[in-house]
Amino acid sequence: MIKTKNKKDKWIKLICGASNEDIFAIEDLCAIYTAAGVDYIDVAAEESIVYAAKKGIDWAKKVFKNSPGLMISISDGNDIHFRKAKFDPLKCPPSCPRPCEKVCPTFAIDNFGIKESKCYGCGRCLNSCPLNLISEYEYNLSKNNLASTLQKIRPNAVEIHTEINRLDSFTKVVSILKSSGMRLDKISVSCGLNQSFKKAQEPKDLLKALWERYEILNELDIPLIWQLDGRPMSGDLAPTTSRDAVKLFEKIGSDLPPGLIQLAGGTNEKTHELLNSNNLPDGIAFGSAARKIMQPLIEFAHKNNKKLYDYPEIMGLAIKKAQKFLEPWKSSSFK
């Protein structure tokens, strides 16, 4: 069970990636951000990935006493959070400056193509190729046998990725959760605008969709989190990407169903500067921005076939960087 939080603290979740299979990096990331004080860690719904996450969490718990809950991401249909990138390296001209390799935050791209396990589908490389050789494909680890996956993993919480127009499939996923007999601490719902290629969507459409899902989830009597995705999987790490999440929160935050409100999708170290201290969400989820600052340190350790915490000084540096990154969200008022 997660510890009781002080009312001044803000909820923080680390997103490791719904299609991320880089087990070594996941273990290190979970150790670093557990030590830094996150409340939940969100990983792909796969047994070996969850095992790696738990190893990292357990390492940090021995020293830092923080005990984040483990959340798994599942989907009720095709979703950009569950994808990877690919290209044929034989088609790359020798003279190419390889912008794809430069923008990849996880060092997944080299002369041999894209390492599937390291790619978590951020999308940064998709538009970088001057010859448009890079494409994406669905990679959903939770798509099949969800009930048995839940029984094997036994997570503390589940995040359901959905789209505005997918109410029927959302209902089916909730039915599986209910029939599994598991008692979850939290259920998070991740839904944003412009994820569908159908007609243009407005904040009012999203609000209606979330209230419909609340009616379905309410009978489970499990605390809920509404994750507002400003720019889901945009691949953009610029400081201004937070604006979409903040604007969405300001438009519909006060009208959301009962539950915690969490910002995501383009969130980074600058997000708190865009918020009104008199109107704050309950918390925030960090994905690409949180992982990018750690990746060079993690790569150093892995090149030597070691975990980052095998290097105490470097691990200490990583934890300090994570604490600095999270610090604004440890207070209810931003300065």
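What you see is a predicted model, and the numbers here were worked out from it, not measured in a lab.

Engineer: Outline the environment of Pro89, supporting the account with residue identities and numerical values.
Structural biologist: Note that Pro89 resides in the loop between strand 4 (83-86) and helix 3 (99-103). Here the alpha-carbon distance between Pro89 and Leu133, two residues 44 residues apart in the chain, equals 9.0 Å. Not counting residues within four places of it along the chain, the set of residues in contact with Pro89 comprises Asn111, Phe112 and Gly113.

Engineer: Which residues make up the pattern of salt bridges, and what values go with them?
Structural biologist: Following the criterion strictly, the structure yields 15 salt bridges and no others. With its nearest N and O atoms 3.1 Å apart, the salt bridge here joins Asp42 to Lys13. Residue Asp42 is found in strand 2 (residues 40-44), and its partner Lys13 is found in strand 1 (residues 11-17); the two are separated by 29 residues along the sequence. Judged by its relative accessible area of 2%, Asp42 falls in the buried class. Note on Lys13: relative accessible area 0%, which makes it buried. Here Lys118 and Glu299 are joined by a salt bridge, their closest N and O atoms 2.7 Å apart. Taken as a pair, Lys118 in the loop between strand 6 (113-114) and strand 7 (135-138) and Glu299 in helix 9 (residues 295-303) lie far apart in primary sequence, 181 residues in all.

Cut-off values and rules
Throughout this document, residue positions are counted from 1 along each chain, in the order its sequence is written. Given that this is a predicted model, residues contribute local features only at a pLDDT of at least 70 and side-chain atom pairs are listed and counted only at 80 or more, while totals for whole chains, interfaces and linings are drawn from all residues. Water and hydrogen atoms were dropped before computing side-chain values, which therefore reflect all heavy atoms in the structure. By the criteria applied, helices consist of DSSP H or I runs no shorter than four residues and strands consist of E runs no shorter than two, each listed in order from the N terminus. Note on definitions: a residue-residue contact is assigned when non-hydrogen atoms from the two residues lie within 4.5 Å. A side-chain nitrogen of Lys or Arg and a carboxyl oxygen of Asp or Glu constitute a salt bridge if their distance falls within 4 Å. Relative accessibility thresholds used throughout: buried, under 20% of the residue-type maximum; exposed, over 50%; partly exposed, between the two (1.4 Å probe, protein chains only).

Any link to function would need more than the numbers given here.
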